[in-house]
2 protein chains.
Amino acid sequence: MLASQIKEEGRNPRYLSTLKLPEKVKVTSQIDEALAGAEIVVLAVPSHAMRQITKTINPLIKQKVVVLSLAKGIEEGTFCRMSEVVEEELRSRIKTKIAVLSGPNHAEEVAQNIPTATVVACGDIKIAQFLQRIFMTSWFRVYTNDDVIGVELGGATKNVIAIAAGISDGLGFGDNTKASLMTRGLAEMIRLGLVMGARRETFAGLSGVGDLIATCTSRHSRNRAVGERLGKGESLAKILKEMRMVAEGVRTTKAVYQMALRHGIEMPITESVYQVLYENKNPRDCVEDLMKRGATSEIK
Amino acid sequence: MLASQIKEEGRNPRYLSTLKLPEKVKVTSQIDEALAGAEIVVLAVPSHAMRQITKTINPLIKQKVVVLSLAKGIEEGTFCRMSEVVEEELRSRIKTKIAVLSGPNHAEEVAQNIPTATVVACGDIKIAQFLQRIFMTSWFRVYTNDDVIGVELGGATKNVIAIAAGISDGLGFGDNTKASLMTRGLAEMIRLGLVMGARRETFAGLSGVGDLIATCTSRHSRNRAVGERLGKGESLAKILKEMRMVAEGVRTTKAVYQMALRHGIEMPITESVYQVLYENKNPRDCVEDLMKRGATSEIK
């Protein structure tokens, strides 16, 4: 229904509805039609839908297809990264190459050809370079990286810190507060990443710091917006009820918090966001608790 | 004259003029009076004034004084960091300990007790911890670091990237553009830092990413404001004439650009800012040139 409407109007009435779609884009709601003959399959779905989608496409894709995931989340319960979900479900297709794309890429701006940069990561750097050639334009600059774990974890965990940054905004704190929270949040993201096998440098890149900045400082960010409303005193239930699009960070916070517990990683900001979201803690008390922690070094 | 006015009114009519100064603050324009018996000397002066000030205080300070520099710049011509200037000028005082403080700390907000974090660096970590105890409050959270080079270079070089971010704002680009520029700017800061002996991790901290974020995204930042006006087509001469306070980044850009040339470090964003500031290059052409550079990896 939505597909036929998009086909007719040449635009999507639900998302970015003023954007005229290029004529080369073929719209279909039939997954076998979408996949027929595809050499690259781009999975742009919410994280919680990734497993079901990959199960569905498994029998329909070619042996040598390249699969590119754009999802930024961690699967609840399993703590799988999105490329791990894809790999598990498509594992019978041994020649399938899985890559991920992440970065400071608000769709609202990319759709308007506003200059931006992004990163494509794949364990096989040749595949990353192949996708770089495909997606690079004069306004969309693609970098490569071979650290899939780091790129995916950055994209997912930054949403937790974006909720914290939003809470700070909602409470009326300043630019100093937010920059401090983001930086100490990045330190948590790195600690988790190192334990999971990511490289530290990746978090200083587009999928780490870059996406963190774009998410924490932009009016386009849904995760920051959730935080801001929490900071102003609204309940999570009310906020989620009124949002049509997914704020991945709400789910990701639970997953990251549980991963931190399991691995014994100190993540005080993540823990605070978890307590606000799931244990009804007062946001203002969280900020106070964070400021009152023992004196420490930046570099432990 | 200003000093007596501040003493009389209990506030500084020129800077943060609505702020009531604490009664414990003693105001003087006599440098020997300011230094008499001091155990800690805090140097909060513009970078270009640092050498003259330290020359002046050299005969007046105690042998065992701790000197803390807040300046964020690089000396023109010599390419000295501020702590190097201090060390050169006070070198006869061999027991003097030199530390630096840097971070996402807009004075406008710190003065209002808005929560923020900062980092104090000293080669002697015990001195850093001593200053941490002195400056830490429930709204000003101090971390320590022993990487003086990294902390100082972060604080100085981020001003160059802030001008670039401002230019992007002035040209009307988006949140994606700015986050991308900041991230690739950080990559340049790190490349320079590593050659100069800094640690990579420091740039992911409060004096690197933290200060970069606070400077590039805040209405309080003079460097970002200079960039924004350049992006809108104003001339540098006109902008500087109308600013009362120092935009350190204008001077720092020249120093950093020359350091990059000397050491053969690739710093395309810094080079672009240099060309806009000193060679009259059109800002819009710079963005285009940056986007059109050859395809590359994040991690070379």
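Before reading on, note that the structure itself is shown above.
None of these values were measured; they are calculated from a predicted model. (Residues numbered from 1 in each chain as written. Chains lettered and ligands numbered in written order. Predicted model: local features only at pLDDT ≥ 70, side-chain atom pairs only at ≥ 80, totals over all residues. Heavy atoms only, no water.)

J.: Help me understand helix H8 (residues 175-196) of chain B in this model?
T.: Residues separated by three or four positions in an α-helix point in the same direction, a consequence of the helix having 3.6 residues per turn. All names here are of chain B. With 22 residues, H8 should reach 32 Å at 1.5 Å per residue; the first-to-last C-alpha distance of 31 Å fits that figure. Among the 22 residues that make up H8, 17 are buried, leaving the element largely enclosed by the rest of the structure. Remark: Gly 197 follows H8 within two positions and exhibits a positive phi of approximately 100°. (Helix = DSSP H or I, 4+ residues; strand = E, 2+ residues; numbered from the N terminus. Expected span 1.5 Å × (residues − 1). Buried < 20%, exposed > 50% of the residue type's maximum accessible area, 1.4 Å probe, protein only.)

J.: Which parts of the structure should I look at to understand the packing of helix H14 (residues 268-278) of chain B against helix H15 (residues 283-291) of chain B?
T.: Between two packed helices, both the angle of their axes relative to each other and the distance between the axes serve to describe the pair. Residues and elements named next belong to chain B. H15 packs onto H14 with a crossing angle of 165° between their chain directions and a minimal axis gap of 10 Å. Overall, the two elements H14 and H15 adopt an arrangement that is roughly antiparallel. Seen from above, H14 lies across H15 with right-handed handedness. For the pair H14 and H15, the contacting residues are Pro 268, Ile 269, Ser 272 and Val 276 in the first and Pro 283, Cys 286 and Leu 290 in the second. (Axes fitted to C-alpha atoms, helices over the stretch in contact; angles between N-to-C directions. Parallel < 35°, antiparallel > 145°, perpendicular 65-115°, else oblique. Left-handed = near helix turned anticlockwise from the far one by under 90°. Contact = heavy atoms within 4.5 Å.)

J.: Help me out: how do you make sense of the interface of chain B and chain A in this one?
T.: You'll often see interface size given as the accessible area lost when the parts meet. Counting from both sides, the interface comprises 59 residues of chain B and, opposite them, 59 residues of chain A. With both sides pooled, the region where chain B packs onto chain A buries about 4600 Å², and carbon together with sulfur makes up 60% of that total. Counting the surface chain B buries against chain A, the share from its top three residues, B:Asn176, B:Met291 and B:Glu298, is 16%. Summed over the shared surface of chain B and chain A, the number is zero salt bridges. In this structure, the connection of chain B to chain A is made through 36 residue pairs in polar contact (both at pLDDT 80 or more). Going through the elements one at a time, helix H5 (107-110), strand S4 (116-121), strand S5 (140-145), H8, helix H9 (200-203), helix H10 (206-217), H15 and strand S6 (296-297) of chain B are the ones with two or more residues in the side of chain B that touches chain A. Element by element, the count of residues in the side of chain B that touches chain A is highest for H8(B), at 10 residues. (Buried area = accessible area lost by both parts, 1.4 Å probe. Salt bridge = Lys/Arg side-chain N within 4 Å of Asp/Glu carboxyl O. Polar contact = N/O pair within 3.5 Å; in protein donor to acceptor, adjacent residues only side chain to side chain.)

J.: Help me understand the sheet that holds strand S6 (residues 296-297) of chain A in this model?
T.: Backbone hydrogen bonds are what pair the strands of a sheet, in a parallel or an antiparallel way. Taken in spatial order, the six strands make up an open sheet running S6(A)-S5(B)-S4(B)-S3(B)-S2(B)-S1(B), and their pairing is mixed. Looking at which strands have only one partner, the edges of the open sheet turn out to be S6 of chain A together with strand S1 (40-43) of chain B. Across the sheet, H10(B) lies against strand S3 (97-102), S4 and S5 of chain B, angled at about 145° from S4(B), the strand it touches most. (Pairing = 2+ DSSP bridges.)

J.: Before we go on, may I ask you to explain the nonpolar core in this structure?
T.: Note on soluble globular proteins: their nonpolar side chains tend to be buried together. Formed by 95 residues in total, the largest nonpolar core has its most connected members in A:Ile74, A:Leu186, A:Leu230, B:Ile74, B:Leu186 and B:Leu230. Within the second largest apolar cluster, 17 residues are counted, among which are B:Met50, B:Val85, B:Val86 and B:Ile98. (Core = buried A, V, L, I, M, F, W, Y, C linked by side-chain atoms within 4.5 Å.)

J.: Would you take a moment to explain helix H6 (residues 125-135) of chain A for this structure?
T.: Looking at H6(A), one finds that the buried residues are A:Ile127, A:Ala128, A:Leu131 and A:Gln132. Buried residues in H6(A), looked at end-on, bunch into an arc of 145°, giving them a common side. Summarising the geometry of H6(A), the exposed residues directed more than 90 degrees from the buried face are A:Lys126 and A:Arg133. Looking at the packing, one finds that the buried side of H6(A) touches strand S1 (40-43), strand S2 (66-69), strand S3 (97-102), strand S4 (116-121) and strand S5 (140-145) of chain A together with S6 of chain B. For H6(A), the N-terminal capping position is held by A:Asp124, with its side-chain oxygen 3.0 Å away from the main-chain nitrogen of A:Lys126. (Arc of directions from axis to C-beta.)

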